[in-house]
Amino acid sequence: MLDESLLDTPDALAGADRFGLLRGVAESGARVRTAARSAAESGIPELTPDGRPRAVLVAGPGPAAAGVADLLRALGGGSCPVTHLQPTGVAPLPGALRWALPGWAGPLDLLLLPGPDAADPGLAELVEQASRRGCAVVAVTPAGGPLADAVTQARGLAVPLATTPYDAEFDVEGAPPAAPGTLWSVLIPLLSLADRIGLLSAPPEALGKLADRLDQLAERCGPAIPTYTNPGKTLAADLADALPLIWTEGTIAGAVGRHFATELAGLAGRPALAAELPEALATHRTLLAGALAAGADPDDFFRDRVEQPAALHARVVLLREEEPGPLSATRAAQALAEERDTALSELEADTGSDLEKAAELLAIVDFAAVYLALAGTE
């Protein structure tokens, strides 16, 4: 259930925000500037690489590493293979996770470590593996921590993680897996590096425009802006009592869609399924005709509206990074949703660079996940 009245009560939202979720997402632009400054001070602009790596490997705990790998792959446009190394272990806790390099990894490859947790011994062991294989290593991690020391000893580059004072609020029992905005803290230095080695275009002026775009979106999606003109609140209200089927078109939108599903689970405790068009039309078709379909479980007249929540129905969230072209599956997606009487929300990025489009989609879905987390009730 969603308390929609809470969405338009800024004071109530602030009172429900125990972990600083709104501050975390609203200050993404500031994080971008701080992270870009940290990258510059670490010497990334002065690097003189011999050329592109054969492959980029990304490893780290929590959702940030997967998000970084996804976005680098999308923004790179296939210029270099990007692989996310999945950890193994008995629990998702520091000390319990281990990573292993692929058998083919060697001196031609680059290992990136978006490591908000500076004390994870599994990452330090991975750095030792990379050093023995001759892989170049770059980490974004808290300064002075064990991971930074391990990278420095391996003659890699350790970029200090950009943090905010309220990040400590997430280091308590019951807090979400990561603060909103952490992705930008680890991604921006790696974008600067990727620009330097020719994987993608992210010069300092582009990062400045990215930060400005995030500031503008924070104004559009802020708690003082009413739901009917606030894309973050509107999307959150759309997803009340719904199972989101996140359909994406384009590589950037695909990365954002998977990130959105992760944020809905980690911040709002909401299940969601992400799939790319046109395959989503086949893989999710049965969901629009089964028990989750709009007409599958008509409202029970005798249901207690206070104690018993409404039936959960699928709702399509269509994410696009540009206007539909002649080969777009958007019209087929809209037609299928209409045919199955399924509600549909659409989100399309405005014009701008690929970085700015990614920023717009990420900001809106992050705000939506935060509003769902704050306005959701048991």
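Residues numbered from 1 in each chain as written. Predicted model: local features only at pLDDT ≥ 70, side-chain atom pairs only at ≥ 80, totals over all residues. Heavy atoms only, no water.

S.K.: Tell me about the sheet that holds strand β2 (residues 82-84), and name the residues and values.
M.R.: The five strands are arranged β2-β1-β5-β6-β7 in an open sheet whose pairing can be described as parallel. Of all strands in the sheet, those with a lone pairing partner are β2 and β7 (157-160), marking the two edges. Direction aside, neighbouring strands of the sheet carry axes that sit 20 degrees apart on average. By the bridge criterion, three bridges tie strand β1 (residues 56-58) to strand β5 (residues 110-114) in an arrangement that is parallel. The residue bridging L57 from the neighbouring strand is L111, located in β5. Docked against the sheet, helix α6 (residues 121-133) engages β5 and β6 (136-141), running at close to 170 degrees with respect to β5. (Pairing = 2+ DSSP bridges. Helix = DSSP H or I, 4+ residues; strand = E, 2+ residues; numbered from the N terminus. Axes fitted to C-alpha atoms, helices over the stretch in contact; angles between N-to-C directions. Contact = heavy atoms within 4.5 Å.)

S.K.: Summarise the packing of helix α4 (residues 28-41) against helix α8 (residues 182-196); cite the residues concerned and give the values.
M.R.: Between α4 and α8, whose axes approach to 8 Å, the crossing angle comes to 40 degrees. Relative to α8, α4 is oriented so that their crossing is right-handed. Residue-level contacts link S28, R31, V32, A35, A36 and A39 of α4 to T182, W184, S185, I188, P189 and S192 of α8. (Left-handed = near helix turned anticlockwise from the far one by under 90°.)

S.K.: Tell me about the packing of aromatic side chains, and name the residues and values.
M.R.: Taken as a whole, this structure holds one aromatic pair when the rule is applied. When the centroid spacing of 6.1 Å and the interplanar angle of 25 degrees are considered together, the rings of F367 and Y371 count as stacked. In this pair, F367 and Y371 both sit in helix α14 (residues 354-375), four residues apart, roughly one turn of the helix. (Phe/Tyr/Trp six-rings, centres within 6.5 Å; stacked < 30°, edge-to-face > 60°.)

S.K.: Which residues make up the pattern of salt bridges, and what values do they have?
M.R.: Considering all chains together, one arrives at 15 salt bridges under this definition. R33 is paired through a salt bridge with D212; the nearest N and O atoms lie 2.9 Å apart. Of this pair, R33 sits in helix α4 while D212 sits in helix α9 (residues 204-220), and the two are 179 residues apart along the sequence. The exposure class assigned to D212 is partly exposed, which follows from its relative accessible area of 38%. Among the salt bridges present, the one from R33 reaches D215, with a minimum N-O distance of 2.6 Å. (Salt bridge = Lys/Arg side-chain N within 4 Å of Asp/Glu carboxyl O. Buried < 20%, exposed > 50% of the residue type's maximum accessible area, 1.4 Å probe, protein only.)

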